[in-house]
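# Structural description and commentary
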Amino acid sequence: MSGPRPVVLSGPSGAGKSTLMKRLMKDHEGVFGFSVSHTTRNPRPGEENGKDYHFTSREAMQEGIQRGDFIENAEFSGNLYGTSKAAIEDVQAKNLICILDVDIQGVRRIKETNLNPIYISIQPPSMEILEKRLRDRQTESEESLQKRLEAARIDMELSKEPGVFDVVIINDDLERAYEELKEILNDEIQKVQESKS
Ligand SMILES: Nc1ncnc2c1ncn2[C@@H]1O[C@H](COP(=O)(O)OP(=O)(O)OP(=O)(O)O)[C@@H](O)[C@H]1O
Ligand SMILES: Nc1nc2c(ncn2[C@@H]2O[C@H](COP(=O)(O)O)[C@@H](O)[C@H]2O)c(=O)[nH]1
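Given the structure is predicted, the values throughout are model-derived calculations rather than measurements.

Bringing the packing of aromatic side chains into the picture now. Within this structure, the stated rule accounts for three aromatic pairs. Members of the aromatic cluster, joined through ring pairs, are Tyr 53, Phe 55, Phe 76 and Tyr 81. Lys 111 extends its terminal NZ or CZ atom over the ring of Tyr 119, reaching a point 4.3 Å from the ring centre.

Attention now goes to the site of ligand 2. Lining the immediate surroundings of ligand 2 are 18 residues, of which Ser 37, Arg 41, Tyr 53, Tyr 81 and Asp 101 lie closest. Between ligand 2 and the protein, one listed contact pairs an oxygen atom with a side-chain N or O atom of Tyr 81 at 2.5 Å. A distance of 2.6 Å is found between an oxygen atom of ligand 2 and a side-chain nitrogen or oxygen belonging to Asp 101. Breaking the shell around ligand 2 down by element, the ones donating at least two residues are β5 (70–76) and β6 (79–84). Here the residues of the shell around ligand 2 sort into five nonpolar, five polar and eight charged.

In the neighbourhood of ligand 1, 14 residues make up the surrounding shell, with Ser 13, Lys 17, Ser 18, Thr 19 and Arg 137 lying closest. Here a nitrogen atom of ligand 1 sits 3.0 Å away from a polar atom, N or O, in the main chain of Asp 172. If ligand 1 stood free it would expose 640 Å²; the protein chains cover 74% of that surface. Residue assignment for the shell around ligand 1 shows that the elements contributing at least two residues are α1 (17–27) and α5 (127–137).

Calculation rules
- Residues numbered from 1 in each chain as written.
- Chains lettered and ligands numbered in written order.
- Predicted model: local features only at pLDDT ≥ 70, side-chain atom pairs only at ≥ 80, totals over all residues.
- Heavy atoms only, no water.
- Phe/Tyr/Trp six-rings, centres within 6.5 Å; stacked < 30°, edge-to-face > 60°.
- Lys NZ or Arg CZ within 6 Å of the ring centre and 35° of its normal.
- Near = heavy atom within 4 Å.
- Polar contact = N/O pair within 3.5 Å; in protein donor to acceptor, adjacent residues only side chain to side chain.
- Helix = DSSP H or I, 4+ residues; strand = E, 2+ residues; numbered from the N terminus.
- Nonpolar A, V, L, I, M, F, W, Y, C, P; charged D, E, K, R; others polar.
- Areas by Shrake-Rupley, 256 points an atom, 1.4 Å probe, with all protein chains shown as cover.

Shown next as structure tokens:
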């Protein structure tokens, strides 16, 4: 299907992907659409089913995977996560820039498809700062936090491999990281805005 190129945002848990993405969507109403993933993890306070995630059981999700409903899926920190074909189609049908928030395993699987997104990695300035951000967010048990930090170490190494990401943004200063993200997406944003005027 032709239309604006999707955007894959990846990077360690706690690096700031959701923070940057929410701001981008708020500042550009009618330009971006979020690909709502499925997950077997429990909702956090304030998260809405169907908006932040489709919260589901492992059994139901495995059935969906078997049926071929997902373009990618991965086990992360003890839970299943996945992008359904429908999640992407819903956004693309509206001619919006589809934003996917996926881990590094998702990035690798999406590269085997014909989605052709812009791959952006959001990285924290250091492991110490990442740990502080995750602890301050107060969403994780100690066990989950340790699993996320372990996954983060792997993510930070893999993101340095040439050719995996089109751009790596270090989210140290939020304003600067946001400006960098907007700059990268400027052409696609303009295309959507022009198509609507
Ligand atoms: N540049 C920044 N400086 C300080 N704090 C930040 C910055 N960016 C994000 N944060 C804070 O760090 C925490 C983690 O950010 P966020 O939830 O956006 O990360 P994430 O990458 O989406 O994580 P996850 O993958 O687990 O959903 C949040 O509490 C957020 O407010
Ligand atoms: N491979 C996929 N990874 C996903 C998907 N949706 C989210 N994620 C990643 O999971 C971790 C944890 O997210 P959290 O909301 O529990 O903090 C994070 O790295 C996300 O990028 C998906 O559909 N596929």
